[in-house]
Amino acid sequence: MSEVLRTKYAAEIAETPAGTEVVIGGWVSRSRDMGGVIFFDLRDPSGLIQVVLDPESIPVGADLKMEYCVKVTGVVQARPEGTQNADLETGLVEVAADAVEVLSESETLPFMIDDRLNVDELIRLKYRYLDFRRPSMAANLKARAKATAAMRRTLDEMSFMEVETPTLIASTPEGARDMLVPSRLQQGSFYALPQSPQIFKQLLMIGGIDRYFQFARCYRDEDFRSDRQLEFTQLDIEGSFWDEDAVMETIEAAIAAAVGAVKDFTPSLPFEKMTWSESMERFGSDKPDLRFGMEISDLSSIFSGTEFKGFSGAIAEGGSVRGINVGARDFSRSALDKLIDQAKALGAKGLVWAFCEDGGWRSPVAKFLSDEEKTAVLEQCGAVEGDLLLMVAGPTTNALQVLGQLRVDLGQPDGHDDLRFVWITRFPVFDVHEDGTLSPAHHPFTQPESIDQMINDPEHAFARAYDLVLNGSELGSGSVRIHDPKVQEQVFDTLGISPEERESRFGWFLEALRYGTPPHAGFAVGVDRLLAILVGASSIRDVIPFPKTQRGLDPLSGSPSLVTDTQMQELGLDLRPEVRAALAQDDDTAGV
């Protein structure tokens, strides 16, 4: 007969009748010797339960140390009056131990398993397995599991088929660098880890897989930020005979299920919608945070005849004057100067500030403007006594982007209690660079709204593309795909991709399009970003079990690591002499 290691979890003890014999297992959170009686908190995946024992009858109790893994056999009893803990779910009961068995001892901890203490992130990542025992990390991983299960369940109920796509593919860069894997059997050739399953999920549609989804692992060799990782997870969906509205409805159902699994409410449906142009005009960003106002106002008509050259010059050159009402703020002159420096760093020529005081302006430029102009600005921005106005003049795109960033920096609320979802639709088909070249705003397989406009006026063509934004963070992107191979060729022509290059990079996919491809559309949600917002984490690293640092390092396993010369030879590879010299220098330095 096998040994009984557990009959109850800690959280279940609260609902277990007094006098019931139980077996619990977990880790010693803390221990207290009260002189003749020992109390210790046992922690398991469900929570904490207090254990009380007599060291005379159970001598092992005196030797218990933090994070010892133990098995306790005992009887449930009510805590004596005055010892109850209302802050603990099991604070009204305890287990009177009849036996305590140490299953595994623990060495001295590198950090305390306690959320009340700040621990250096590098130390937490090096000992990630101990970090999982901290209540906050344990809760984050549970939330992640609940959210993904809810999304999977929702899509299964909607007749989606879960299909895995390959993780060793041909390199088809999508804007970020590919993560490359050398082939031993085909020396000199490389696999790439997928930046997304984009092409393969479109092939599934060609193959008649009507509704597809996958929690896909994706890889991008890009610089790190708090919301970026080299490897990440996305909920990927695709459907045939679909349009934008059908995709959005499906994603909203999956997201609502995830929110409901993690929070104590579900968001109202459908989510708000806004075109890309409207979002840029109102918020200076295609990722607007709608939890607060501070919308951008176009003040150009007010200053169309102004004598203030800072404004009139920008308008004459085809630009505009834009402004935001920051609200009542008590900014010192030095703080205002920092805002000016920030605006310049973002590309503006300058920043004009003005306080609404006594129905007029307090501003360095007030003397250059007429009373009518100042009054009109106050009215258009809805300014009241004490409000601070910020204005930028210059090329319209730049003015909007500068004020959009200042808006976020000055207005974004702390915390993530409010959830404001918004769909951003009708993106440009192409990004236009300073040298006049074009690149796909999303990817080259996105259906343009108008083929004629894409061909004749590509800089102003719009795509059937859509992003989902939550609290100023892009959760994911999607689009109606190109299913006509002739249209796909026209997109490549517009991008200047030669027939030889398109055949080399996408020939196998272009061939598949010629075999009766149905209209199809899809979307991908960044699971890590969604969960970080739902649990209020400041970084997606706090909702990823084993993340990399901002330098792309794994302190736990030591990756990325060097490999032996034998391994390199088997792959037909070698390091450049200057790289070997740098590594040798690093070794010498490390030995000093």
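Check the entry above for the structure.
Residues numbered from 1 in each chain as written. Predicted model: local features only at pLDDT ≥ 70, side-chain atom pairs only at ≥ 80, totals over all residues. Heavy atoms only, no water.

Here's the deal with the pattern of salt bridges
- Counted according to the given criterion, the structure contains 40 salt bridges.
- Residue Glu222 pairs with Arg228 through a salt bridge whose shortest N-O separation is 3.2 Å.
- Classification of Arg228 by relative accessible area gives partly exposed; the value is 23%.
- Between Asp493 and Arg502 there is a salt bridge whose closest N-O contact spans 2.7 Å.
- Judged by its relative accessible area of 49%, Asp493 is partly exposed.
- It is possible to trace a salt-bridge network through shared partners that takes in Asp115, Arg124, Arg128, Asp131, Arg134 and Asp542. (Salt bridge = Lys/Arg side-chain N within 4 Å of Asp/Glu carboxyl O. Buried < 20%, exposed > 50% of the residue type's maximum accessible area, 1.4 Å probe, protein only.)

Structural notes on a nonpolar patch on the surface
- A grouping of Tyr129, Phe546 and Leu556 is seen on the molecular surface, where their side chains present a nonpolar patch of about 290 Å² in accessible area.
- Note that Phe546 resides in the loop between helix H14 (527-535) and helix H15 (565-570). (Patch = residues over 30% accessible without salt bridge, like charges linked within 9 Å, V, L, I, M, F, W, Y side chains within 5 Å. Areas by Shrake-Rupley, 256 points an atom, 1.4 Å probe, with all protein chains shown as cover. Helix = DSSP H or I, 4+ residues; strand = E, 2+ residues; numbered from the N terminus.)

Some thoughts on the side chain of Lys201
- Along the polypeptide, Lys201 turns up in helix H4 (residues 198-206).
- Here Lys201 falls in the buried class, since its relative accessible area comes to 1%.

Topic: the pairing of strand E20 (residues 465-470)
- Most of E20 is tucked away, with 6 of its 6 residues classed as buried.
- Here E20 shows a buried face lined by Ala465, Asp467 and Val469 and a second buried face lined by Tyr466, Leu468 and Leu470.
- With 5 bridges connecting them, strand E17 (residues 421-425) and E20 associate as antiparallel partners. Among the inter-strand pairings, Val422 is bridged to a residue of E20, identified as Val469.
- The pairing of E20 with strand E21 (residues 473-480) spans 6 bridges and is antiparallel. Counted as the bridge partner of Val469 is Glu474 from E21.
- Where E20 folds back onto E21 in an antiparallel hairpin, the turn is made up of 2 residues, including Asn471, whose phi is positive at roughly 50°. (Pairing = 2+ DSSP bridges.)

Observations regarding the nonpolar core
- Residues Leu235, Ile237 and Leu530 are the most contacted members of the largest nonpolar core, which totals 39 residues.
- Here this core gets 7 residues from one element, more than from any other, and that element is helix H5 (residues 244-262).
- If we ignore the near neighbours within four places in the chain, the residues touching Leu530 are Met151, Ile255, Ala258, Leu470, Leu475 and Val525.
- Counting residues in hydrophobic clusters, the runner-up holds 28 residues, among them Val422, Val429, Ala463 and Leu513. (Core = buried A, V, L, I, M, F, W, Y, C linked by side-chain atoms within 4.5 Å. Contact = heavy atoms within 4.5 Å.)

Here we look at the sheet that holds strand E22 (residues 520-526)
- In space, the 8 strands of this open sheet follow the order E6-E9-E10-E22-E21-E20-E17-E11, with mixed pairing throughout. In this open sheet, the two edge strands, each paired with only one partner strand, are strand E6 (161-162) and strand E11 (272-275).
- Bridge count between strand E9 (residues 211-219) and strand E10 (residues 231-240): 9 bridges; the pairing is antiparallel. The partner of Cys218 across the bridge, within E10, is Phe232.
- Packing of helix H6 (residues 276-283) onto the sheet brings it into contact with E11 and E17, and relative to E11 it is tilted by some 85°.
- Packing of H14 onto the sheet brings it into contact with E9, E10, E20, E21 and E22, and relative to E22 it is tilted by some 50°. (Axes fitted to C-alpha atoms, helices over the stretch in contact; angles between N-to-C directions.)

Some remarks on the packing of aromatic side chains
- Applying the stated criterion to the full structure yields 16 aromatic pairs.
- Summarising the aromatic geometry, the rings of Phe303 and Phe311 are spaced 4.6 Å apart at their centres and angled 55° between planes, so their arrangement reads as tilted. There is no split in this pair, since Phe303 and Phe311 are both buried.
- Both rings, one in Trp423 and one in Tyr466, keep their centres 6.3 Å apart while their planes meet at 80°; by these two values the pair is edge-to-face. Taken as a pair, Trp423 in strand E17 and Tyr466 in strand E20 lie far apart in primary sequence, 43 residues in all. Like Trp423, the residue Tyr466 is buried in the burial classification.
- Cluster of aromatic residues (ring-pair linked, three or more members): Phe303, Phe308, Phe311 and Phe368.
- The ring of Phe462 has Arg426 lying over it, and the distance from NZ or CZ to the ring centre is 4.4 Å. (Phe/Tyr/Trp six-rings, centres within 6.5 Å; stacked < 30°, edge-to-face > 60°. Lys NZ or Arg CZ within 6 Å of the ring centre and 35° of its normal.)

Here we look at unusual backbone geometry
- Cis geometry is adopted by the peptide bond preceding Pro270, which originates at Leu269 and carries an omega value of -5°.
- Relative to the helices and strands, Pro270 is located in the loop between H5 and E11.
- A cis amide bond links Ser559 to the next residue, Pro560, at an omega of -5°.
- Assignment of secondary structure puts Pro560 in the loop between H14 and H15.
- The phi dihedral of Asn471 is positive, around 50°, even though this residue is not glycine.
- Its place among the elements puts Asn471 in the loop between E20 and E21.

Re the environment of Val535
- One can find Val535 in helix H14.
- In the structure, Val535 is positioned 210 residues away from Asn325 in sequence and 31 Å away in space, judged by C-alpha atoms.
- Setting aside anything within four residues of it in sequence, one finds Val535 in contact with Asn140, Ala143, Val262 and Val543.

Brief notes about the sheet that holds strand E3 (residues 47-53)
- Taken in spatial order, the 5 strands line up as E1-E2-E3-E5-E4 and close into a barrel, and their pairing is mixed. On average, adjacent strands in this sheet sit at an angle of 55° to one another, irrespective of strand direction.
- Looking at chain direction, strand E4 (residues 69-78) and strand E5 (residues 93-104) are connected through 10 bridges and run antiparallel. Paired with Gly74 across the bridge in E5 is Ala97.

Some thoughts on the packing of H4 against helix H13 (residues 499-513)
- Between H4 and H13, whose axes approach to 10 Å, the crossing angle comes to 25°. In terms of their interaxial angle, H4 and H13 are classed as roughly parallel. For the pair H4 and H13, the sense of crossing is left-handed. Residues Ile199, Phe200, Gln202, Leu203 and Ile206 of H4 pack against Phe506, Trp508, Phe509, Ala512 and Leu513 of H13.
- Residues of the contact of H4 with H13, tallied by class, amount to 9 nonpolar, 1 polar and no charged. (Parallel < 35°, antiparallel > 145°, perpendicular 65-115°, else oblique. Left-handed = near helix turned anticlockwise from the far one by under 90°. Nonpolar A, V, L, I, M, F, W, Y, C, P; charged D, E, K, R; others polar.)

Section: the packing of helix H8 (residues 333-345) against helix H10 (residues 396-411)
- At a closest axis distance of 9 Å, the pairing of H8 and H10 adopts a crossing angle of 135°. By the angle class used here, H8 and H10 are oblique. Along this stretch, H8 crosses H10, giving a crossing that reads as right-handed. Residues Leu339, Gln342 and Ala343 of H8 touch H10, and the partners they reach there are Val402, Leu406, Asp409 and Leu410.
- For the contact of H8 with H10, the per-class residue count stands at 5 nonpolar, 1 polar and 1 charged.

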